[in-house]
Amino acid sequence: MPPCLLSTRAPSLLISCSASPGAAVAVAVAVAVRSPPQPPSPSISLDSTTTLPSLSCSLQCSHFQSCSGCTHEFNLHRPVIVDEATDFFKNHGVSDFTFDTCRLYGWRCRAKLAVRGTSMSPLIGLYQEGTHNVADIPDCKAHHPGINAAIELLRQGIKELNVEPYDEDQGTGDLRYVQMAVTTHNTSLRAAERYRNGKVQITLVWNCRNEKSSNSDKLDALVKFLWRNGGSWSKNHHIHSVWANFQTSTTNVIFGNRWRHLLGESDFWEHVGGIDISLAPSSFGQANTRAFDVLLRKLQKYVPHGASVTDLYAGAGVIGLSLAASRNCRSVKCIEINKESKLSFEKTVSRLPKSVVSSISWHNADTSIEPLSWLVGSDVLVVDPPRKGLDKSLVDALQTISSVERKAKFSSESSSIKEKEEKRPWILRAREASVQIGSKTDSEDSRSFPRTLIYISCGWESFKEDCKSLLSSKAWRLEKAHGFNFFPGTQSIEVLAVFKRGQAVGLKKKKSGKKKKKSLL
């Protein structure tokens, strides 16, 4: 990930919520007058028909002018983009679009931050908009409190041990970036206390090839400092573990290929979507854990019990595995290009309830290459692409999926699909890197394709384009859409959209209905 992306998901900070008859006036006045922080607001669930009182949730943050994370200061519970989304879905046949907002501050459980400046005055934060100048954000209220505490401890360690922050121009220094990830999975505490007492996994991106390089002694000293003051050796135990990633590239890529677990627990667990999930520091994880859990539980309602599911852009398979457990799926196939996610998938499967009897598989493969081959025999397709949206080859395949299915059913081609696949090197490589749990589902119809498409989007602009392309082909219709406030303080929303194959039944009846004869009386 290029450093410029560090600022794309860093939003909201301290907020206060108040109701007043003249919200518009109150907002204008609040620009000039910043009141003291108020207690946190309760979670609010909104839909397109909800009429709120004059509620204004305002952001109060000393970092707002310098940090590129936040984009607006008011109405954090309902970004302006929600109105656009409501109109968009209404114009495409969905009049009951809903929007859910959860915690408005302290929500971020995962952050990647640049480390710059000097050993005596380190800067730990995000790049300022359009630059590679780092804005120091020690009091980011979007961060889980544990992240801010870990950052402060890291700052102390850098100063005391004379650790040199990275210098991009010279390519020198020791510490380039830090990744913080909070786990709230502590079963020894009551559910209400687990979030508040979350522990932080710290990954230090070190500017050397491996742990035997010349400056590795400083790394060792810094790790011991962190653990002595925040790990299980300390009275204030808020650090889960410490990892190192070794990176010497001069590009904007944050992580190198070499990872090392140094101290603390090696396994990082979280509980979302009704299952325990394992996430390695190299795996993608949602920043807003609570909002992601809400989305998963909403998604589960649209998957029939016993369905066969294909999960594309699957990562460590969290979505697919949560469906296997909650919907008793016949089979689940997870397809992911990042091979680092394989181990996390295997560990997550090991903690699935014993009642799960699905045939589950994970494949290290590129979704953009002949995507239809992964959809054969599935009832439901789930896609959770990166911000850029679906690969063009997948969009093209979904646009023609009905005609491909018809050809497969009325020709002999389908009987030889498996033989052809065996000759394709990329399929052989994907199978070699796959993980199979449970019995294989040979009984699945090799001529059928999904009739339900569930699209999870973090990129609103790319989703609109993909949605229009799918609907223009007449192969799909849009049935439901929900929005989620994953990143309070920004104009980014997460979207869950449900598509079905073919035209709506009601429309067909209307077209085929006979005209009534005029009465002769």
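Structural data are supplied above this passage.
Keep in mind the model is a prediction, meaning the values are calculated, not measured.

Peer 1: I'd like a description of the packing of helix H6 (residues 289-300) against helix H7 (residues 318-326), backed by residues and values.
Peer 2: Between H6 and H7, the least distance of the axes is 10 Å, while the angle of their chain directions is 50°. In terms of axis orientation, H6 runs oblique to H7. Like other packed secondary-structure pairs, H6 and H7 cross with a definite hand, here right-handed. Along the contact surface, H6 presents Phe292, Leu296, Leu299 and Gln300, while H7 presents Val318, Ile319, Ser322, Leu323 and Ser326. Broken down by class, the residue content of the contact of H6 with H7 amounts to six nonpolar, three polar and no charged.

Peer 1: Quick rundown of the packing of aromatic side chains? Include the residues and the values.
Peer 2: Inspection of every chain in the model, using the stated rule, returns 13 aromatic pairs. When the centroid spacing of 5.9 Å and the interplanar angle of 50° are considered together, the rings of Phe89 and Phe463 count as tilted. Placement of Phe89 in helix H2 (residues 81-91) and of Phe463 in helix H14 (residues 460-472) is noted, with a sequence separation of 374 residues between them. Here Phe89 falls in the buried class, since its relative accessible area comes to 0%. By relative accessible area, which is 0% here, Phe463 ends up buried. Site record: aromatic cluster; members linked through ring pairs are Phe88, Phe89, Phe97, Tyr455, Trp460 and Phe463. The ring of Tyr195 has Arg290 lying over it, and the distance from NZ or CZ to the ring centre is 4.2 Å. Geometry around Trp269 places Arg351 over its ring, the cationic atom sitting 3.7 Å from the centre.

Peer 1: Give me the sheet that holds strand E8 (residues 175-183): which residues, what numbers.
Peer 2: Strands sit in the order E7-E6-E5-E8-E9-E10-E11 across an open sheet of seven strands; the sheet is mixed. Looking along the sheet, the strands with just one partner apiece sit at the ends: strand E7 (134-136) and strand E11 (258-264). Adjacent strand axes in the sheet meet at a mean angle of 35°, parallel and antiparallel pairs treated alike. The sheet contact formed by strand E9 (residues 199-206) and strand E10 (residues 239-246) spans seven bridges and is parallel. Across the sheet, the residue bridging to Val200 is Ile239, located in E10. Those strands touched by helix H3 (residues 145-161) are strand E5 (110-117), strand E6 (122-127), E7, E8, E9 and E10, and its axis lies near 150° from that of E8.

About the cut-offs
- Residues numbered from 1 in each chain as written.
- Predicted model: local features only at pLDDT ≥ 70, side-chain atom pairs only at ≥ 80, totals over all residues.
- Heavy atoms only, no water.
- Axes fitted to C-alpha atoms, helices over the stretch in contact; angles between N-to-C directions.
- Helix = DSSP H or I, 4+ residues; strand = E, 2+ residues; numbered from the N terminus.
- Parallel < 35°, antiparallel > 145°, perpendicular 65-115°, else oblique.
- Left-handed = near helix turned anticlockwise from the far one by under 90°.
- Contact = heavy atoms within 4.5 Å.
- Nonpolar A, V, L, I, M, F, W, Y, C, P; charged D, E, K, R; others polar.
- Phe/Tyr/Trp six-rings, centres within 6.5 Å; stacked < 30°, edge-to-face > 60°.
- Buried < 20%, exposed > 50% of the residue type's maximum accessible area, 1.4 Å probe, protein only.
- Lys NZ or Arg CZ within 6 Å of the ring centre and 35° of its normal.
- Pairing = 2+ DSSP bridges.

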